[in-house]
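Fold and geometry: a report
Now for the letters of each chain:
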Amino acid sequence: MTETRPEAPTAGVALTAIGVAVIRARESRRPDRLYDDPLAQRFVDAARRSYGEEGAQRWARLEALADTFFEGRTVGVRLVDDRMVAAVEAGCRQIVILGAGLDTRAFRLTLPADVRFFEIDLPELFAFKEPVLADAVPKYDRTVIAADLREEWSEMLRAKGFRADVPTYWVDEGSLGYLGRADALRVAETLTELSAPGSQFGAGRFHVDRNLPHYTELGRLVGGEHHGEGRDLSGLGPDAQNWLTAHGWRTSFRRWDDMVAPLNRPAAIRDAEVGLILAIRE
Ligand SMILES: C[S@@+](CC[C@H](N)C(=O)[O-])C[C@H]1O[C@@H](n2cnc3c(N)ncnc32)[C@H](O)[C@@H]1O
């Protein structure tokens, strides 16, 4: 690995991406791993170095949170892997990852060679991610779009080669929940406009109790406006399925517990309302 000292986010929502990398690195070390993400450990090591001695306490809090979220989040990674493969098999040749964080699917999944990846996230995230990946070679065409999803991003996406006439798989893996409802719906409107027939979008339906201690701690660590008191942070919200249907998507719902059952991990939630809304553009 090249000797780089990229600066890892120590606050703000971009920090949450490091927590997920900690989770993926931990999973990748298991003999019974659900996926293998060797670059995750590289991100973890680079971030730990960047936090330094003065950041040791924050790092310990980040790791403790990653442990708390591990069981639910790690099976989620595998579910998105499987959904991505299925969407590509169904004909999607572009993949846009909204709030991509330290996602490395362009480096690790086995897909047809003509698949193109577009990763959207905040500039401070890519300022850390790209130097760490400097000598890693993606298996597919991979383009990053450093943009705030709350602002205009579709022109940047098009300017970087995205084609609205090619079926696209849109990924939201724990990112739209950080946007307020109005912003998340605007993202959904934009991706709807950009979706050729056959495009797919997986929207999670979760009940998040922001008063639980681990969410309070996450909010404290992230700081700033994103987890501020009183903000409506539930992404597309409980009405997502109706919204998608009304906007030209054919939807179906899969229960979380049914999806995770074959993975044999203690990740059941026992709430029939929680799961994935799979939307296919008509
Ligand atoms: C919990 S992380 C998930 C990252 C990645 N999807 C994964 O599963 O590893 C949330 C990500 O959303 C990104 N994010 C949050 N708000 C954003 C915004 N307004 N614009 C762009 N990205 C945003 C953060 O920077 C972070 O990388």
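Reading guide: rules and limits
- Residues numbered from 1 in each chain as written.
- Predicted model: local features only at pLDDT ≥ 70, side-chain atom pairs only at ≥ 80, totals over all residues.
- Heavy atoms only, no water.
- pLDDT = per-residue confidence, 0-100.
- Contact = heavy atoms within 4.5 Å.
- Near = heavy atom within 4 Å.
- Polar contact = N/O pair within 3.5 Å; in protein donor to acceptor, adjacent residues only side chain to side chain.
- Areas by Shrake-Rupley, 256 points an atom, 1.4 Å probe, with all protein chains shown as cover.
- Helix = DSSP H or I, 4+ residues; strand = E, 2+ residues; numbered from the N terminus.
- Pairing = 2+ DSSP bridges.
- Right-handed = clockwise from strand over helix to strand, strands pointing away.

**Structural notes on the confidence of the model for the protein chain**
When pLDDT is averaged along the protein chain, the result is 93; 95% of the residues meet or exceed 70. Scored below 50 in pLDDT, residues 227-233 makes 18 contacts in the model with residues more than four places away or belonging to other chains.

**Let's talk about the site of the ligand**
Within the structure, the ligand sits among 21 residues, and Arg73, Gly99, Asp121, Asp148 and Leu149 are positioned closest to it. Arg73 places a polar side-chain atom, nitrogen or oxygen, 2.9 Å from an oxygen atom of the ligand. Ser175 has a polar side-chain atom sitting 3.2 Å from an oxygen atom of the ligand. Burial of the ligand by the protein chains amounts to 98% of its free accessible area of 590 Å². Broken down by element, the shell around the ligand gets its largest block of residues, five residues, from helix 1 (residues 14-28).

**Structural notes on the pairing of strand 3 (residues 141-146)**
Sheet analysis places strand 2 (residues 116-121) next to strand 3, joined by six bridges and oriented parallel. Its bridge partner being in strand 3, Ile120 is matched across the sheet by Ile145. Handedness of the crossover is the feature at issue here: the chain leaves strand 2, passes through helix 5 (residues 123-132), returns alongside strand 3, and the resulting connection is right-handed.

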